[in-house]
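# Fold and contact review
Chain by chain, the residues run as shown.
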Amino acid sequence: MKFIDSYFVFFILLLSTSITAQELEGKWVISGNKSFGGFPGIHLMEVSEDSLSHYNFDQFVTKTSYETEDNKLKIDTLAFAEFSFKNPNRLSIASPRLEKPVDYIRLVPTETNLRPEEIRKIKYDLVRGGKNFIIDFQDHADGKIMESYLKKVDDTFFLVIHRHGNPITAVPIEKITQEKMHLYGFMAGPNKLVASAME
């Protein structure tokens, strides 16, 4: 890919406490609607025992090897950044490429007894910042500016928001029932919010 060719540099993740690779293992998604460095779209990264894979949400982009040394993780990838844990499931990234730090959220399996087709039939009302946002997975009318999609990566469901047909953010879902949808990993404000089903 052309965007990769000119961006390969060596970068170090500085963590607030001594870590092992096992503590970082899993998948992480960017919080909010910002991309990072040379990565396109909604950046999702997967840390395994000996490699780091990067995705544009569910589409593979590139894979690199890494090694740990005390509290540093050395990676041959696209940008230089400093990482710190805000909590075990939230990483903050600072880079000269970014105006301000960007957070990544560790993905956990979504708790639900519902099938995807059942979830898509339910409308939810999310109140955030004093404003109501209606989550309707079936309303994709022509000309609609903002649309909601239910998508899944491994065992995690997401509320994916499209603007003018393009995905701009993916919010992981912690739990889904007929009455509530529990979302987490927001860029600002409370880390977790609960949307209520509409009658």
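The residue numbering used here restarts from 1 in each chain and proceeds along that chain's sequence as written. For this predicted model, a pLDDT threshold of at least 70 governs which residues receive local features, and a threshold of 80 or more governs which side-chain atom pairs are given and counted, while totals over whole chains, interfaces and linings are taken from all residues. Heavy atoms from the whole structure form the basis of all side-chain values; hydrogens and water molecules are not counted.

## Brief notes about the environment of Lys 123
Operational definition: Each helix corresponds to a stretch of at least 4 residues labelled H or I by DSSP, and each strand to a stretch of at least 2 residues labelled E; elements are numbered beginning at the N terminus. Three labels apply to residues, based on accessible area from a 1.4 Å probe with only protein chains included: buried if under 20% of the type maximum, exposed if over 50%, partly exposed otherwise in between. Pairs of residues are marked as contacts when any of their non-hydrogen atoms sit within 4.5 Å.
Counting through the fold element by element, Lys 123 comes out in the loop between helix H3 (116-119) and strand S11 (124-128). Under the relative-accessibility criterion, Lys 123 is labelled partly exposed at 39%. For Lys 123 and Asp 139, which are 16 residues apart along the polypeptide, the C-alpha to C-alpha distance reads 9.8 Å. Once residues within four sequence positions are removed from consideration, Lys 123 is found in contact with Ile 135, Asp 136, Ser 196, Ala 197 and Met 198.

## A short note on the packing of aromatic side chains
Each pair of aromatic rings is reported with the distance of its centres and the angle of its planes. Short version of the rule: Stacked, tilted and edge-to-face pairs are distinguished by plane angle, under 30 degrees for stacked and over 60 for edge-to-face with tilted covering the rest, among Phe, Tyr and Trp rings (Trp via its six-membered ring) whose centres lie within 6.5 Å. Think of it as a cone above the ring: NZ of Lys or CZ of Arg counts as a charge over the ring if it is within 6 Å of the ring centre and within 35 degrees of the ring normal.
This structure, assessed with the given rule, holds 2 aromatic pairs. Aromatic pair Tyr 55 and Phe 60: ring centres 5.7 Å apart, planes at 75 degrees, arrangement edge-to-face. Centroid distance Phe 57 to Phe 158: 5.0 Å. Interplanar angle 85 degrees. Geometry classified as edge-to-face. Of this pair, Phe 57 sits in the loop between strand S4 (51-56) and strand S5 (59-69) while Phe 158 sits in strand S14 (residues 156-163), and the two are 101 residues apart along the sequence. Neither residue differs from the other here; Phe 57 and Phe 158 are each classed as buried. Sitting over the ring of Tyr 55, Lys 27 keeps its end group 5.0 Å from the ring centre. Cation over ring: Lys 151 sits above Tyr 149, and NZ or CZ is 5.8 Å from the ring centre.

## Here's the deal with the nonpolar core
One recurring pattern in soluble globular proteins is that nonpolar side chains are buried together. Put simply, the rule reads: We define a nonpolar core as any set of buried Ala, Val, Leu, Ile, Met, Phe, Trp, Tyr and Cys residues linked to one another through side-chain atoms lying within 4.5 Å.
Residues Trp 28, Val 29, Met 45, Phe 57, Leu 91, Tyr 104 and Phe 158 are the most contacted members of the largest nonpolar core, which totals 25 residues. Elements with a minimum of two residues in this core: strand S2 (26-30), strand S3 (43-47), S4, strand S7 (82-87), strand S8 (90-94), strand S9 (102-106) and S14. Sequence-distant contacts of Met 45, defined by excluding residues within four places in its chain, comprise Gly 26, Lys 27, Trp 28, Leu 52, Ser 53, His 54, Phe 83, Leu 91 and Tyr 104. Counting residues in hydrophobic clusters, the runner-up holds 19 residues, among them Leu 126, Phe 137, Phe 157 and Ile 176.

## Let's talk about the confidence of the model for the protein chain
Low-pLDDT stretches of the model should not have their predicted coordinates read in fine detail. Cut-off, in case you're wondering: Per-residue confidence from the predictor is reported as pLDDT, which spans 0 to 100.
Here the protein chain shows a mean pLDDT of 80. Residues at 70 or above account for 75%. Highest mean pLDDT in the protein chain belongs to strand S10 (residues 111-112) (98); lowest belongs to strand S1 (residues 9-14) (40).

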